[in-house]
Amino acid sequence: MVFLSFVYRFLTNFAFMALVYFSLNFMEKYQNRAVLAILVLIYAGMRAASTLRAFYFFQKIEKLEAETKRLQAPINDGSGGTIARKQIVMDVARLRRDGELKSYMDLFFLALIVLLCVAAIMRQ
């Protein structure tokens, strides 16, 4: 499922980039193309801000992981609870790492879309 989530994220970002590319290239009037490019730039800016905010969230989760590991070290009560807690921390770490990778993928495609929009605005 993890691999499918990466494939899905890649395909949706690629489809959006392809939509922007074809939309900007098939517009004949410069005014329409510029307006569409500016609207896409605004949308890309909002998505980039949201993605960067997610990085702040991932940073806080990483701090909580470190604190949990630090507090968990002296707790060795011999019951199965320690193993379950370790598994939860490992699952959270994996989800955080996967989320960061998806955010990097989003930022890469958003940068490509910004380049496409700037090129469409500059081209006459």
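Here the structure is a predicted model, which is why all the values come from computation and not from measurement.

1. Comments concerning helix 2 (residues 30–72)
An α-helix turns once per 3.6 residues; consequently, residues spaced three or four apart project the same way.
Next up, step 1: Taking 1.5 Å per residue, 43 residues should reach 63 Å; helix 2 reaches 62 Å between its end C-alpha atoms and fits that length.
Next up, step 2: Turning to helix 2, its buried residues are R33, A34, A37, V40, A44, A48, T51, F55, F58, I61, E65 and Q72.

2. Looking at the packing of aromatic side chains
Next up, step 1: Applying the stated criterion to the full structure yields nine aromatic pairs.
Next up, step 2: With a centroid separation of 5.4 Å and an interplanar angle of 70°, the aromatic rings of Y21 and F22 are classed as edge-to-face.
Next up, step 3: Accessibility expressed as a relative area gives 45% for F22, which makes it partly exposed.
Next up, step 4: Ring centres of F55 and F58 lie 6.5 Å apart, and the angle between their planes is 75°; this geometry places the pair in the edge-to-face category.

3. Focus on the UniProt feature "transmembrane region" (unreviewed entry) in the protein
Next up, step 1: In the UniProt entry, the feature "transmembrane region" (unreviewed entry) is given for residues 6–24, 36–58 and 104–122.
Next up, step 2: Secondary structure across residues 36–58 divides into 100% helix and 0% strand, with the first and last C-alpha atoms of the span separated by 33 Å.
Next up, step 3: End-to-end, the C-alpha atoms of residues 104–122 are 27 Å apart, and along that stretch the chain is 100% helix and 0% strand.

Basis of the calculations
Residues numbered from 1 in each chain as written. Predicted model: local features only at pLDDT ≥ 70, side-chain atom pairs only at ≥ 80, totals over all residues. Heavy atoms only, no water. Helix = DSSP H or I, 4+ residues; strand = E, 2+ residues; numbered from the N terminus. Expected span 1.5 Å × (residues − 1). Buried < 20%, exposed > 50% of the residue type's maximum accessible area, 1.4 Å probe, protein only. Phe/Tyr/Trp six-rings, centres within 6.5 Å; stacked < 30°, edge-to-face > 60°. UniProt positions renumbered as here; feature names shortened; annotations may be inferred.

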